[in-house]
Amino acid sequence: MTAEKQDSGGSKDVFAEDDVHQIQYKTLSWQAVSLLMIAEIVSNGILSLPSALAVVGIVPAVILIVFLGIFGLFTAKLLIDFKLNHPNVHTMGDAGYIMFGPVAREVLAFGTVAFAVFGSGSELLSSQQALSTLSNQGMCSMYLVIITGAIAFFISLPRTLDRLAWMGLLSAAVITLAGFIAMIGAGANPVPGRSLTATSSSNFFDAFLAVTNPVFAYAGHFMYDSAWFFILISEMRRPEDAMKAAWCLQGFATVFYAVFSIVMYVYIGNTVQSPVLFSLPPVWAKATFGIALANFLFSSGLYTHTAAKLVFVRIFRHSEHIYSHTLLGWTVWTLLCFSGVALAVILAVAVPIFSYLIGIAAALFAAWYTYGLAGFFWLHDVYHLKGGMDGLKQRPSGTTIAVLTVIAGAFICVAGTYVSIKLIVGAYADGQVGRPFVC
């Protein structure tokens, strides 16, 4: 094994603990990690879920939401075990290097950064939609994206995640409150003559398009089930408590997703829009958007922080610039945060098909990060740490589930990419694609 590979997957923790360090990383409790993950993951996830019920029916959609929540908890366990076995893994790129070599490291690291930038841009668009709704479209949307991008930049600047934990508490609270306000608004203003569907037959394209909403609502867990959770565990005081945070997140997200989707769909019916807040009366839409805005901004900054930290640690791992307030360290860190936000803003205002590209990015990367690669984690560690092929043969159930997890990730990747590309082709054919840099 090369020295680099030992560094990426050996016993040395990615962040050393030393009282003389000016910047201390291992400061997060599992409660703080739970709040940060809830703030990040429940953000945009709830906005698209109710529309899935209108396409495939309330019964299969709710079953899928609950199943994916349980499946997400299972893959989180596989990831946590892998991280504890390889303390120096900081990102999915490090994990890829241990399992597959240097090419996988670059591909998976690029995918993490790319998806984080796309996620930041998506949250900026949600922030822009909130501000446009609150102002009755009174300001150019492009300027709103730039303004919200500037706010996200300042949010991303703290070097350690414990400095963001209090915002995580606030953000988790406001997105939860926004969800309850939306449900109250829908219940107080039910759509007259609405129709509901228990189960529905559909072609593959429409069905999988609907299924991608809950799949990628949980695939926001790419941050949680891969690079984001790796980074979070790396900054925990007790990494062995990470599973408590996973239980807290999955329990909350699954229940909240299911309840929110059912309530919104029952009161709005098959005419429910995506984002669902546009299906509410204007006053209720403004109230919900106004409350949720803080979460959108925080989530954008958190995505940017993740992308910047991945690159920063890759450049300066185990150097003084990680642990000290050096001029070079802060200059590079600030430039990385600025670059991440700038790219997100440019994508959001200059690429008319950006919302469709988010779907492709989710299919290509998040499907693997959230689902497929977790199976490889288990297979790799059993093979290398517990007896090779004999170890796998002695665990037929675990081996079978791990292989099926890999296959599930591959299927979601291929089918999600197909659906996203077909949507782009259809949008161009129908003239729905706008122009860049317009209000």
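Scroll up to find the structure.
Now for a quick tour of the structure.

Calculation rules
- In every chain, residue numbers begin from 1 and rise along the written sequence.
- Whole-chain, interface and lining totals are the exception, using all residues; otherwise, since this is a predicted model, local features are given only for residues with pLDDT of at least 70 and side-chain atom pairs are given and counted only at 80 or more.
- For the side-chain quantities, the full set of heavy atoms in the structure was used; hydrogens and water were omitted.
- Helix and strand assignments come from DSSP, with helices taken as H or I runs of at least 4 residues and strands as E runs of at least 2, each series counted from the N terminus.
- Expected helix span is given by 1.5 Å per residue-to-residue step, counting one fewer step than there are residues.
- Under this definition, polar contacts are N or O atom pairs within 3.5 Å; protein pairs additionally need one hydrogen-donor-capable and one acceptor-capable atom, and for neighbouring residues in sequence, both atoms have to be side-chain atoms.
- Summary of the burial criterion: residues with accessible area below 20% of their type's maximum are buried, those above 50% are exposed, and those between are partly exposed, where the area comes from a 1.4 Å probe applied to protein chains only.
- Residues are treated as being in contact if the distance between any of their heavy atoms lies within 4.5 Å.
- Throughout, an axis means a line fitted to C-alpha atoms (over the contacting stretch in the case of helices), and angles, computed between N-to-C directions, take values from 0 to 180 degrees.
- Angles below 35 degrees are treated as roughly parallel, those above 145 as roughly antiparallel, those between 65 and 115 as roughly perpendicular, and all remaining angles as oblique.
- The sense of a crossing depends on the near helix, which, turned anticlockwise from the far helix by less than a right angle, makes the crossing left-handed and, turned clockwise, makes it right-handed.
- Gly falls in the polar group here, along with every residue not listed as nonpolar (Ala, Val, Leu, Ile, Met, Phe, Trp, Tyr, Cys, Pro) or charged (Asp, Glu, Lys, Arg).

Remarks on helix α11 (residues 242–268)
Residues spaced three or four apart along an α-helix face the same direction, because each turn holds 3.6 residues. In a regular helix each residue adds 1.5 Å, so 27 residues correspond to 39 Å; α11 covers 38 Å between its end C-alpha atoms and thus fits that length. In the stretch just after α11, G269 is the one whose phi turns positive, near 85°.

Side note on the side chain of D94
As for its placement among the helices and strands, D94 is situated in helix α4 (residues 92–100). A polar contact is formed between the side chain of D94 and the backbone nitrogen of H90, at a distance of 2.9 Å.

Regarding helix α6 (residues 141–156)
Under the 1.5 Å per step criterion, the end-to-end length of α6 is 22 Å for 16 residues, consistent within 8% with the ideal 22 Å. Within the sequence span of α6, burial applies to S141, M142, L144, V145, T148, G149, A152, F153, I155 and S156. Buried residues along α6 sit in contact with α5 (102–134), α7 (165–188), α12 (282–316) and α14 (327–350).

Quick word on the packing of α6 against α14
Two elements in contact, α6 and α14, have axes whose closest approach is 9 Å; the angle formed by their N-to-C orientations is 155°. The pairing of α6 with α14 is recorded here as roughly antiparallel in orientation. Crossing geometry of α6 relative to α14 is assigned as right-handed. Listed contacts from α14 to M142, V145, I146, G149, A152, F153 and S156 of α6 are W333, T334, C337, F338, V341, V345, A348 and V349. Its residues placed into classes, the contact of α6 with α14 shows 12 nonpolar, 3 polar and no charged.

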